[in-house]
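Survey of secondary and tertiary structure
Here's the letter readout for the chains.
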Amino acid sequence: MSALVSNTVSKADSGSVSIKLIQCSKTFGNGAPALEPIDLEVHPGETLVLLGPSGCGKTTTLRMIAGLEFPDAGGRILFGDEDVTDLPIERRGVGMVFQSYALFPNMTVGENIAYGLRIRGIAAAERLTRIDDLLELVQLQGFAQRRIDQLSGGQKQRVALARALAVEPRVLLLDEPLTALDAKLRESLRADLNSLLRKLGITAIYVTHDQGEAMALGDRIVVMERGRIAQIGSPQEIYYQPANLFVADFIGNMNRISGAVQDGQLQTVAGTLALPEQQTPLQHGAQATAMFRPEDVQLAVPDGSGEGLDGCIMSSFFMGDRTRLMIDVGQALPIIVDASGRVSWHAGERVNLRIAPQAMLGVLPSPTDNQGVPS
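A brief structural summary.

Here is what the cut-offs are and how they apply
- Residues numbered from 1 in each chain as written.
- Predicted model: local features only at pLDDT ≥ 70, side-chain atom pairs only at ≥ 80, totals over all residues.
- Heavy atoms only, no water.
- Helix = DSSP H or I, 4+ residues; strand = E, 2+ residues; numbered from the N terminus.
- Buried < 20%, exposed > 50% of the residue type's maximum accessible area, 1.4 Å probe, protein only.
- Contact = heavy atoms within 4.5 Å.
- Areas by Shrake-Rupley, 256 points an atom, 1.4 Å probe, with all protein chains shown as cover.
- Lys, Arg positive; Asp, Glu negative; His and termini not counted.
- Charge placed at Lys NZ, Arg CZ, Asp CG, Glu CD.
- Axes fitted to C-alpha atoms, helices over the stretch in contact; angles between N-to-C directions.
- Parallel < 35°, antiparallel > 145°, perpendicular 65-115°, else oblique.
- Left-handed = near helix turned anticlockwise from the far one by under 90°.
- Nonpolar A, V, L, I, M, F, W, Y, C, P; charged D, E, K, R; others polar.
- Pairing = 2+ DSSP bridges.
- Core = buried A, V, L, I, M, F, W, Y, C linked by side-chain atoms within 4.5 Å.
- Salt bridge = Lys/Arg side-chain N within 4 Å of Asp/Glu carboxyl O.

This part takes up the overall build of the protein chain. Within the protein chain, the regular secondary structure consists of 9 helices and 20 strands. Referenced to the eigenvectors of the C-alpha coordinate spread, the extents of the protein chain come out at roughly 80 × 50 × 40 Å. For the protein chain, with 375 residues in total, the buried portion stands at 50%. Summarising the internal contacts of the protein chain: among those between residues at least 6 apart in sequence, 65% fall at separations of at least 24. Taken as a whole, the protein chain presents about 17,600 Å² of accessible surface, with 49% of it coming from carbon and sulfur. For the protein chain, the centre of its 33 positive side-chain charges and the centre of its 42 negative side-chain charges are spaced 7 Å apart.

Further remarks concern the packing of helix 3 (residues 109–119) against helix 5 (residues 153–166). Closest axis-to-axis distance for the helix 3/helix 5 pair is 7 Å, and the angle between their directions is 25°. With respect to helix 5, the element helix 3 is oriented roughly parallel. By crossing handedness, the relation of helix 3 to helix 5 is classed as right-handed. When helix 3 is examined against helix 5, the residues Val109, Asn112, Ile113 and Leu117 are found in contact with a partner set consisting of Val159, Ala162, Arg163 and Ala166. Partitioning the contact of helix 3 with helix 5 into residue classes produces 6 nonpolar, 1 polar and 1 charged.

Another point: unusual backbone geometry. Unusually for a residue other than glycine, Arg226 sits at a positive phi of about 50°. With respect to the secondary-structure elements, Arg226 resides in the loop between strand 9 (220–225) and strand 10 (228–233). Look at Asp263: it is not a glycine, yet its phi comes out positive at around 50°. By secondary structure assignment, the location of Asp263 is in the loop between strand 11 (255–262) and strand 12 (265–268).

As a further point, take the sheet that holds strand 2 (residues 33–42). Strand order across the open sheet formed by 4 strands is 2-1-4-5, with antiparallel pairing between neighbours. Each edge of the open sheet carries a strand with a single partner, namely strand 2 and strand 5 (82–83). Alignment of strand 4 (residues 76–79) against strand 5, held across 2 bridges, turns out to be antiparallel. Paired with Leu78 across the strands is Asp83, a residue of strand 5. Along the sheet, helix 2 (residues 58–66) makes contact with strand 1 (19–27), strand 2 and strand 4, crossing strand 1 at roughly 120°.

Attention now moves to the sheet that holds strand 7 (residues 171–175). Within a sheet, neighbouring strands are paired by backbone hydrogen bonds and run either parallel or antiparallel to one another. Here we have 6 strands laid out as an open sheet, ordered 6-7-8-3-9-10, and mixed in their pairing. Here the strands that pair on one side only, and so sit at the sheet edges, are strand 6 (94–98) and strand 10. This sheet shows a mean twist of 15° between the axes of neighbouring strands, independent of strand direction. Pairing analysis gives 5 bridges linking strand 3 (residues 47–51) to strand 8 (residues 203–208), with the strands arranged parallel. Across the sheet, the residue bridging to Thr47 is Ala204, located in strand 8.

Another point: the packing of helix 4 (residues 124–137) against helix 5. Close contact between helix 4 and helix 5 brings their axes to 10 Å; oriented N to C, the two are set at 135°. When the axis of helix 4 is compared with that of helix 5, the two are oblique. For the crossing formed where helix 4 meets helix 5, the hand is right-handed. Residue-level contacts link Arg130, Leu134 and Leu137 of helix 4 to Ala162, Leu165 and Ala166 of helix 5. A per-class count over the contact of helix 4 with helix 5 returns 5 nonpolar, no polar and 1 charged.

Attention now goes to the nonpolar core. Formed by 49 residues in total, the largest nonpolar core has its most connected members in Ile113, Leu161, Leu172 and Val223. Ranked by residue count, the leading element in this core is helix 5, at 7 residues. Not counting chain neighbours up to four residues away, the residues in contact with Ile113 comprise Ile131, Leu134, Leu135, Val159, Ala162, Arg163 and Ala166. Residues Val42, Leu87, Val94 and Met224 belong to the second largest nonpolar core, which totals 27 residues.

Before going further, it helps to spend a moment on the pattern of salt bridges. Under the counting rule described, the total for this entry stands at 16 salt bridges. One salt bridge connects Glu69 with Arg63, and the closest N-O pair in it is separated by 3.5 Å. By relative accessible area, Glu69 is classed as buried at 18%. For Arg63, a relative accessible area of 30% corresponds to the partly exposed category. Where Glu225 meets Arg226, a salt bridge forms, and the shortest distance between an N and an O atom there is 3.3 Å. Classification of Glu225 by relative accessible area gives buried; the value is 18%. It is possible to trace a salt-bridge network through shared partners that takes in Asp321, Arg322, Arg324 and Asp338.

Purely geometric stuff here, so don't read any function into it on its own.
Written out as structure tokens, the structure is:
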């Protein structure tokens, strides 16, 4: 392990900085609220992912933490016990990695990495040592004299990360850093970044609209919707215990099937499904909607038992590790099923769908009011 990594890890172990946002909102000059008042705590040394669609407020939140934007009156931002609300970015001790890399094209790789160190008056000998350590950290040994225009997109992103880490920041902020890369490279760098963040133990906040990145990188995920926090939880909690319909629909693919509740079952035009036990059972005869994930559906040939849902395959898409099926069950939307890639299913084929009660993420009265997903 390099000296830089050892030093960073020891600092993290001795107490990485926590971050608190207290009633932070943001209204821009045109009067449009970009962010409603939010309270948020980032634990020391964790990687927190801000996830949501465009315009949800995730980048505004990141920029306020960085000191590139300031909250409306009354909002406070704390790094540990220090109130940094009014401090500019250069006095907060943060490192930032942008989607656009923001590298200096007239400088070499080494000069880009050393830029912040030179501004801080770090001696030349120490700068050279730090550059070598960082290039080893991001697996770019021997690239110090390389020009920026000689690098691939993935290499540029590694240089940007090394430059952000060079000044040993208290907090690392990453604003959709992998979006501009192709899918295969993005997946590879995501794995490398995950390993690096775990090794460093630095408090990190990562902004993305990519659910896969959020699930892979986040110790916790903050799902944002229209300037508000919709849910905070671990990747498993967000996926399997969504707090409301927005989260359920935004994270992964979600199926819905509606019918009438009868004796603990959901009666639909396509058949019956056994319902999970609920803290607040639905009344007999009530209209309800059950929700479940594509990977939790078991397919079989119809047997006439009346159990499960009978449907007809509308289309079939081979995706390598799985086959995605769209199945008509007589409702407004088809059911999406992810079946084993080694089993062949064809359009027009009749099938039976079984969903275990424990695989249902929620059963809501119909029509829904978008207030929550009871467990």
